[in-house]
Amino acid sequence: MHIGIIMDGNGRWAANKGFPRSFGHRKGAKQVSEIIKSCPKLGVKTLTLYAFSTENWNRAAHEVSSLMRLFRGYLQTKYLEIIRNNIKVTFLGDTNPLPNDILMQMKNLEKDTALNDGFYLNIALNYGGRDEIVRSTKKIVRDVLSKKIKTNEINEDLFESYLDTSNQKNPDLIIRTAGEKRLSNFLLWQTTYSELFFSDKMWPDFSPNCLAEAIENFNLRVRKFGKEKQRIKKPVSF
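Because the structure is predicted, anything quoted here is derived from the model rather than measured. (Residues numbered from 1 in each chain as written. Predicted model: local features only at pLDDT ≥ 70, side-chain atom pairs only at ≥ 80, totals over all residues. Heavy atoms only, no water.)

Asks: Please explain the environment of Val134 as it appears in this structure.
Replies: Mapping Val134 onto the fold places it in helix H5 (residues 129-145). Each C-alpha atom, one on Val134 and one on Ile36, is 30 Å from the other, the two residues being 98 residues apart in sequence. (Helix = DSSP H or I, 4+ residues; strand = E, 2+ residues; numbered from the N terminus.)

Asks: Before we go on, may I ask you to explain the packing of aromatic side chains in this structure?
Replies: A ring pair, where both rings are aromatic, is described by two values, the distance of the centres and the angle of the planes. The full count for this structure, using the stated rule, is nine aromatic pairs. Consider the rings of Phe19 and Phe23, whose centres lie 4.4 Å apart with planes at 35°: the pair is tilted. Using a relative accessible area of 39% as the deciding quantity, one classes Phe19 as partly exposed. Note on Trp203 and Phe206: the rings are 5.6 Å apart at their centroids and 20° apart in plane angle, and the pair reads as stacked. (Phe/Tyr/Trp six-rings, centres within 6.5 Å; stacked < 30°, edge-to-face > 60°. Buried < 20%, exposed > 50% of the residue type's maximum accessible area, 1.4 Å probe, protein only.)

Asks: Can you walk me through helix H7 (residues 208-219) in this structure?
Replies: Taking 1.5 Å as the rise per residue, H7 with twelve residues should run 16 Å; its terminal C-alpha atoms sit 16 Å apart, in good agreement. Buried within H7 we find Cys210, Leu211, Ala214, Ile215 and Phe218. Take H7 and look down its axis: the buried residues cluster within an arc of 140°, on one side only. Turned more than 90 degrees off the buried face of H7, the exposed positions are Asn209, Glu216 and Asn219. Tucked inside the fold, the buried residues of H7 contact strand S1 (2-6), helix H2 (21-38), strand S5 (173-176) and strand S6 (195-198). (Expected span 1.5 Å × (residues − 1). Arc of directions from axis to C-beta. Contact = heavy atoms within 4.5 Å.)

Asks: Explanation requested: the sheet that holds S5 in the structure shown.
Replies: One key point about sheets: their strands pair by backbone hydrogen bonds, in either a parallel or an antiparallel sense. Read across the open sheet, the six strands follow the order S3-S4-S2-S1-S5-S6; overall the sheet is parallel. Each of the sheet's edge strands pairs with one partner strand only, and the pair in question is strand S3 (87-92) and S6. Taken pair by pair, the neighbouring strands of this sheet meet at an average axis angle of 20°, ignoring direction. Bridge count between S1 and S5: four bridges; the pairing is parallel. (Pairing = 2+ DSSP bridges. Axes fitted to C-alpha atoms, helices over the stretch in contact; angles between N-to-C directions.)

Asks: Before we go on, may I ask you to explain the pattern of salt bridges in this structure?
Replies: One side chain can pair with another of opposite charge once the charged atoms of both are near each other. Under the criterion given, the structure shown has 13 salt bridges. Residues Arg21 and Glu63 are paired through a salt bridge, measuring 3.0 Å at the closest nitrogen-oxygen approach. With Arg21 in helix H2 and Glu63 in helix H3 (residues 61-84), this pair connects stretches of sequence that are 42 residues apart. Judged by relative accessible area, Glu63 falls into the buried class, the value being 8%. Salt bridges sharing partners connect three or more residues here, namely Asp8, Arg12, Arg176, Glu180 and Arg182. (Salt bridge = Lys/Arg side-chain N within 4 Å of Asp/Glu carboxyl O.)

Here it is, written out as structure tokens:
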């Protein structure tokens, strides 16, 4: 199972308690660790976290700076723990605008966990679904112009191989916290047939028990992937 989470509500959680938004982001980062630890126990093999979107640069400068400090600290403090726990980390998104020291930490973490296979963690950092599709299209155009591929070879499978999630299965379930009911530019290509679960819990209050509840809800659903639900034929009575 692959789950994607839109971690929403850190700032509102803090404001409701009379704290600055940065306090909510720090509390949310601690919750990330708890959710990651719980995933293997719940049968989750891959987790994708929406950490920072391409639109988040439009927030107040002091909040963006606070988030960058938080990312920097998280990568430093969790580095060895991630490696010891056999977690493979992949970063999704356009890394170019990120500070050089954070970018270096990201590259080192990806390199040092490349062979890990116990659990797969995707961190979407400066990520946008539309931006990913545009970046992937540009890569394909370059390869067509350099004659690495032919135009008639372009199909959905080839396009997926150019996405940030290349060689990964698409998410089975997308969870969004804080009561909002939209994808907000998250994994637009990959979520075509993902099930959606919306929680009223703010992200700092979203516990492993909440994750288990979302998975239980998912397990009750019938996934048709565009096909008609198969009906059970009743035996003929004589």
